[in-house]
Amino acid sequence: MKALETEEGLSERSPRGSGRRRRVRETYERNVRYYERGCSLPYGSLAEELGLVSTVHGPSWDYNLCSIDEAMLVATRRRTMESVDLASKLGAGIVVVHPGRESLGGYFRDHYERELLAFYEGICRYAADRGIRIAVEAMERIPKELLCDAQSVNRFIDRLRDAGIENVGVVADLAHLRRRAERPRGLLRPHRAPHQQQ
């Protein structure tokens, strides 16, 4: 028997769904409270005292920096800028940013590449003004993901360097590498400085 969804969640006839929605809502609310509190806590000095290098992960779920939907692009830019601002407040020196995804597989390839480059150039410049570095996260090979191998990520980083962007690098998330069956060594190479010739 199908239960009706309401603003309060699923009815009691679907305990699995209602419990899951309740847990998701509680987790979201707890994270919002933690985020709001985190901006006023002396996290940066504590991290420095403990010798920690901190990062902030930019938005990825429900956001797409290569969307063909202008409203999604605006929302993604805003949320990523908020991540940079949070990193600055917390004293974290790096913000990890997922590359975008294709909205429609295989179509609009020029649009995705143009948006990807423009987005990273803009967020890197915004971050540089706040002393923050941006780390491009290499993704696994699943449909519609962009920058899924060491060669494409390194080529992309070089394009940013050629545009004068210095505060950008790569993060090798082992969860994505495991799915790609690729060794991280290909991602971990020195990148040209902006002034170096090809």
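(A) Spotlight on the packing of helix 4 (residues 109–128) against helix 5 (residues 150–162). Between helix 4 and helix 5, whose axes approach to 11 Å, the crossing angle comes to 55°. Between helix 4 and helix 5, the angle is such that the two are oblique. When you trace helix 4 past helix 5, the crossing you get is right-handed. Across from Leu 116, Leu 117, Tyr 120 and Glu 121 in helix 4, the residues of helix 5 making contact are Phe 156, Arg 159 and Leu 160. Within the contact of helix 4 with helix 5, the residues separate by chemical class into 5 nonpolar, no polar and 2 charged.

(B) Here's a closer look at the pattern of salt bridges. Here the structure, examined in full by the defined rule, presents 5 salt bridges. Arg 79 is paired through a salt bridge with Glu 82; the nearest N and O atoms lie 3.0 Å apart. Taken together, the residues Arg 79 and Glu 82, both in helix 3 (residues 70–90) and 3 residues apart, mark about one turn of the helix. A relative accessible area of 35% places Arg 79 in the partly exposed class. With a relative accessible area of 29%, Glu 82 lands in the partly exposed category. We note a salt bridge from Asp 85 to Arg 130, for which the minimum N-O separation is 3.3 Å. On the criterion of sequence distance, the pair formed by Asp 85 in helix 3 and Arg 130 in the loop between helix 4 and strand 5 (133–137) is long-range, its members being 45 residues apart. Given the relative accessible area of 26%, Asp 85 is considered partly exposed. Under the relative-accessibility criterion, Arg 130 is labelled partly exposed at 33%.

(C) Focus on the packing of aromatic side chains. Applying the stated criterion across every chain, the model contains 2 aromatic pairs. Geometrically, the ring pair formed by Phe 119 and Tyr 120 is edge-to-face, given 6.0 Å between the ring centres and 80° between the ring planes. A relative accessible area of 5% places Phe 119 in the buried class. Aromatic side chains Tyr 120 and Phe 156 sit 5.3 Å apart centroid to centroid with 75° between the ring planes, which places their arrangement in the edge-to-face category. Of this pair, Tyr 120 sits in helix 4 while Phe 156 sits in helix 5, and the two are 36 residues apart along the sequence. Like Phe 156, Tyr 120 is buried. Connected via pairs of aromatic rings, a cluster forms that spans Phe 119, Tyr 120 and Phe 156. Its end group placed over the ring of Tyr 126, Arg 130 keeps NZ or CZ at 3.6 Å from the ring centre.

(D) Up close: the pairing of strand 6 (residues 168–171). Across 4 bridges, strand 5 lies against strand 6 in parallel orientation. Paired with Ile 134 across the strands is Val 168, a residue of strand 6. For the crossover from strand 5 across helix 5 to strand 6, the handedness is right-handed.

(E) The confidence of the model for the chain, seen in detail. Taken as a whole, the chain shows an average pLDDT of 76; of its residues, 67% reach a score of 70 or greater. Taken as a whole, residues 1–16 scores under 50 in pLDDT and shows 15 contacts with residues more than four places along the chain or in a different chain. A low-confidence stretch, residues 193–198 stays under pLDDT 50, and its non-local contacts, those more than four residues away or across chains, total 9 contacts.

(F) Layout of the sheet that holds strand 5. As summarised here, the arrangement of the 4 strands in space is 3-4-5-6, forming an open sheet in which the pairing is parallel. The open sheet has two edge strands, strand 3 (55–57) and strand 6, and neither has a second partner. Ignoring which end each strand starts from, the neighbouring axes of this sheet average 30° apart. In this sheet, strand 5 lies alongside strand 4 (residues 94–97) in parallel orientation, the contact comprising 4 bridges. When the bridges of strand 5 are listed, Val 95 appears paired with Ile 134. On the sheet, helix 4 packs against strand 4, strand 5 and strand 6 and is oriented at approximately 150° with respect to strand 5. Seen against the sheet, helix 5 touches strand 5 and strand 6 and runs at an angle of roughly 165° to strand 6.

Rules behind the numbers
- Residues numbered from 1 in each chain as written.
- Predicted model: local features only at pLDDT ≥ 70, side-chain atom pairs only at ≥ 80, totals over all residues.
- Heavy atoms only, no water.
- Axes fitted to C-alpha atoms, helices over the stretch in contact; angles between N-to-C directions.
- Helix = DSSP H or I, 4+ residues; strand = E, 2+ residues; numbered from the N terminus.
- Parallel < 35°, antiparallel > 145°, perpendicular 65-115°, else oblique.
- Left-handed = near helix turned anticlockwise from the far one by under 90°.
- Contact = heavy atoms within 4.5 Å.
- Nonpolar A, V, L, I, M, F, W, Y, C, P; charged D, E, K, R; others polar.
- Salt bridge = Lys/Arg side-chain N within 4 Å of Asp/Glu carboxyl O.
- Buried < 20%, exposed > 50% of the residue type's maximum accessible area, 1.4 Å probe, protein only.
- Phe/Tyr/Trp six-rings, centres within 6.5 Å; stacked < 30°, edge-to-face > 60°.
- Lys NZ or Arg CZ within 6 Å of the ring centre and 35° of its normal.
- Pairing = 2+ DSSP bridges.
- Right-handed = clockwise from strand over helix to strand, strands pointing away.
- pLDDT = per-residue confidence, 0-100.

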